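# A structural walkthrough
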Amino acid sequence: MSAWQDARTQWKDDQAAFKADQRAVRKTGKLPEHLGPPPSGFALLPWLLMGMGAFSNLFQGKTPNPWIGGLGLLAFNSLYIYVVFRAFVREKREARSTRGALIAMGVVTSALAIVYGGSWLLFFPLLGLAAGAIVRGRWLGRTGIGLSALAGVIAGLRDGWDAVNVAYGTFLSTMVTAAILSLSEAVRELRAAREELARRAVEKERLRFSRDLHDLLGHTLSVIVVKSEAARRLAHRDLDAALVQVSDIESVGRQALTEIREAVTGYREGSLATELDRARSALQAAGIDPLVRQSGPPLAAQTEALLGWVVREAVTNAIRHSGATRCEITIEGSSERVHTRIADNGHGAPSDPPPPLPGIGGTGLKGLTERLAAAGGSFEAGPTTRGGFVVTAELPVGPTEPLEALEPTEATEATEATEPMEAMDASATGVTGTSAAQAAVKDTAAAPGTVA
């Protein structure tokens with residue numbers, strides 16, 4: 001009775017929601033999200049009217065041993081209600097108690113049909129309906145054929161050729177009920193999957209926007225800080241160079257506004273050619289002789305974006321830590337994969353690298369390893385036996401995974417590591433002499449904590 005009350009309350013709530021959707025349809029003209037209340041055991045209760053013939057015979061005294069018939073009728077109806085109300089929840093439907101109740105229904109139905117025959121044979125289609133509501137998968141066909149054969153044999157012993165109708169009705173009720181309920185369940189699962197996909201799409205877009213905004217704002221603020229310090233230090237020695245730095249701050253701010261607008265609309269993409277130009281300019285400003293070689297077919301935008309991250313990270317590390325005088329950037333592509341190698345002649349990796357920032361997820365090299373692995377590529381970095389530091393990366397020409405599928409934890413310190421390089425790039429473009437740009441770079445490297 002408690003389960004009955006809960007199901008009845010849920011059914012009333014579903015009906016009220018459905019009526020509210022219908023009223024909204026009449027006002028707005030749009031189709032509702034749910035075209036009807038979800039099915040429940042109440043949808044299968046009206047079929048119990050098929051047993052009205054047996055109940056009528058029992059009530060009119062046409063049934064011998066009426067107490068046995070009455071108890072059998074009560075047992076069948078109770079088991080039927082118990083089974084059909086558990087058919088719409090997967091855990092309850094697959095429970096042993098439900099299967100046991102279905103087997104008990106089969107025993108009661110067979111006993112009543114053998115003893116009384118006639119209208120009592122109509123309980124077999126009801127048994128098939130309950131079985132179709134419970135059984136799924138490969139056992140459905142076997143169950144339907146088995147129940148139909150059992151109904152045909154018992155009905156044949158009692159009523160002769162009318163057994164064909166009973167067997168056919170049992171098989172049809174089993175298979176049709178199972179097909180309709182399976183389709184309804186599939187529709188509910190598809191609707192739930194669509195809602196989950198929509199939720200994940202919104203979440204992924206939020207992560208994309210937060211990651212891009214973090215990158216852009218961190219880069220912009222770092223450049224502004226670096227150039228402000230450079231302007232302050234140059235103001236006493238060279239006022240014109242300081243004014244150039246101030247002008248660059250204005251240019252960086254305008255460019256950042258444009259990039260933030262592009263990030264909001266989702267159109268920001270990395271360009272490998274642009275990154276190579278910036279790397280060449282930054283290396284020259286730091287007093288490192290750059291050598292850039294690129295060959296191979298055109299690359300997909302996502303592949304270029306990933307390689308741009310590799311170039312930015314490797315060049316930034318070379319400028320900040322290597323003490324090198326020469327840096328070679330080689331990009332060689334084939335029809336299937338592209339290979340990138342950045343090598344310098346410095347003293348290798350820093351002896352005491354900075355710890356990862358909270359919430360970022362690791363060092364820049366680790367972040368690049370995760371990004372390239374997610375795209376079906378590989379990444380390696382380390383010192384060489386002859387001195388210097390080498391970074392190698394290999395990617396498919398077309399990435400197997402979209403960049404936006406990366407988790408925000410993969411936007412590692414590689415983002416922060418690129419910020420000083422961008423600052424030096426902007427410095428090199430506006431300073432009148434190489435010495436002023438190098439002074440800005442050295443001042444930045446010598447002042448810890450100036451870069452976010």
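Everything below is about the structure printed above this text.
Since we're looking at a predicted model, the values are computed, not measured. (Residues numbered from 1 in each chain as written. Predicted model: local features only at pLDDT ≥ 70, side-chain atom pairs only at ≥ 80, totals over all residues. Heavy atoms only, no water.)

Moving on, we come to the pairing of strand S5 (residues 389–396). Most of S5 is tucked away: seven of the eight residues are buried. In terms of strand pairing, strand S4 (residues 378–383) meets S5 through six bridges, oriented antiparallel. Paired with Ala-381 across the two strands is Val-391, which belongs to S5. Joining the antiparallel neighbours S4 and S5 is a turn of five residues, in which Gly-387 adopts a positive phi near 100 degrees. (Buried < 20%, exposed > 50% of the residue type's maximum accessible area, 1.4 Å probe, protein only. Helix = DSSP H or I, 4+ residues; strand = E, 2+ residues; numbered from the N terminus. Pairing = 2+ DSSP bridges.)

The tendency in soluble globular proteins is for nonpolar side chains to be buried as a group. Within the largest apolar cluster, 43 residues are counted, with the highest numbers of intra-cluster contacts made by Leu-44, Tyr-80, Leu-102, Met-105, Leu-121, Phe-123 and Phe-124. Only helix H2 (52–59), helix H3 (66–84), helix H5 (96–116), helix H6 (123–134), helix H7 (139–159) and helix H8 (163–235) provide two or more residues apiece to this core. The greatest single-element share of this core, amounting to nine residues, is contributed by H6. Apart from the residues within four sequence positions on either side, Met-105 is in contact with Phe-76, Leu-79, Tyr-80, Val-83, Leu-127 and Ala-130. (Core = buried A, V, L, I, M, F, W, Y, C linked by side-chain atoms within 4.5 Å. Contact = heavy atoms within 4.5 Å.)

H5 packs onto H3 with a crossing angle of 150 degrees between their chain directions and a minimal axis gap of 9 Å. Taken together, H3 and H5 sit at an angle that is classed as roughly antiparallel. The handedness of the crossing between H3 and H5 comes out as left-handed. Contacts between H3 and H5 pair Ile-68, Gly-69, Gly-72, Leu-73, Phe-76, Leu-79, Tyr-80, Tyr-82 and Val-83 from the former with Ser-97, Thr-98, Ala-101, Leu-102, Ala-104, Met-105, Val-108, Thr-109, Leu-112 and Tyr-116 from the latter. Per-class residue counts for the contact of H3 with H5 are 14 nonpolar, five polar and no charged. (Axes fitted to C-alpha atoms, helices over the stretch in contact; angles between N-to-C directions. Parallel < 35°, antiparallel > 145°, perpendicular 65-115°, else oblique. Left-handed = near helix turned anticlockwise from the far one by under 90°. Nonpolar A, V, L, I, M, F, W, Y, C, P; charged D, E, K, R; others polar.)

To continue, consider empty space enclosed by the protein. Evaluated as defined, the whole model comprises one cavity of 30 Å³ or more. There is about 30 Å³ of room inside the largest cavity. As for the largest cavity, its lining consists of Ala-87, Phe-88, Arg-93, Arg-136, Leu-181, Glu-185 and Arg-188. The element contributing the most residues to the lining of the largest cavity is H8, with three residues. Its residues placed into classes, the lining of the largest cavity shows three nonpolar, no polar and four charged. (1 Å grid on protein atoms, 1.4 Å probe; cavity = no way out; pocket = protein on both sides within 12 Å on 5 of 7 lines; lining within 4 Å. Points joined across faces, edges and corners; volume = space filled by probe spheres on them.)

As a further point, take helix H11 (residues 301–322). Its 22 residues give H11 an end-to-end C-alpha distance of 30 Å, which sits within 8% of 32 Å, the value for a rise of 1.5 Å per residue. Positive phi shows up at Gly-323, right after H11, with a value of about 65 degrees. (Expected span 1.5 Å × (residues − 1).)

Before going further, it helps to spend a moment on the packing of aromatic side chains. Scanning the model with the defined rule gives four aromatic pairs in all. On the basis of an interplanar angle of 20 degrees and a centroid distance of 6.4 Å, the ring pair of Phe-76 and Tyr-80 is categorised as stacked. In this pair, Phe-76 and Tyr-80 both sit in helix H3, four residues apart, roughly one turn of the helix. When the ring of Trp-120 is compared with that of Phe-123, the centres are 5.7 Å apart and the planes differ by 50 degrees; the resulting orientation is tilted. The class for Phe-123 is buried, based on a relative accessible area of 2%. Cluster of aromatic residues (ring-pair linked, three or more members): Phe-76, Tyr-80, Tyr-116, Trp-120 and Phe-123. (Phe/Tyr/Trp six-rings, centres within 6.5 Å; stacked < 30°, edge-to-face > 60°.)

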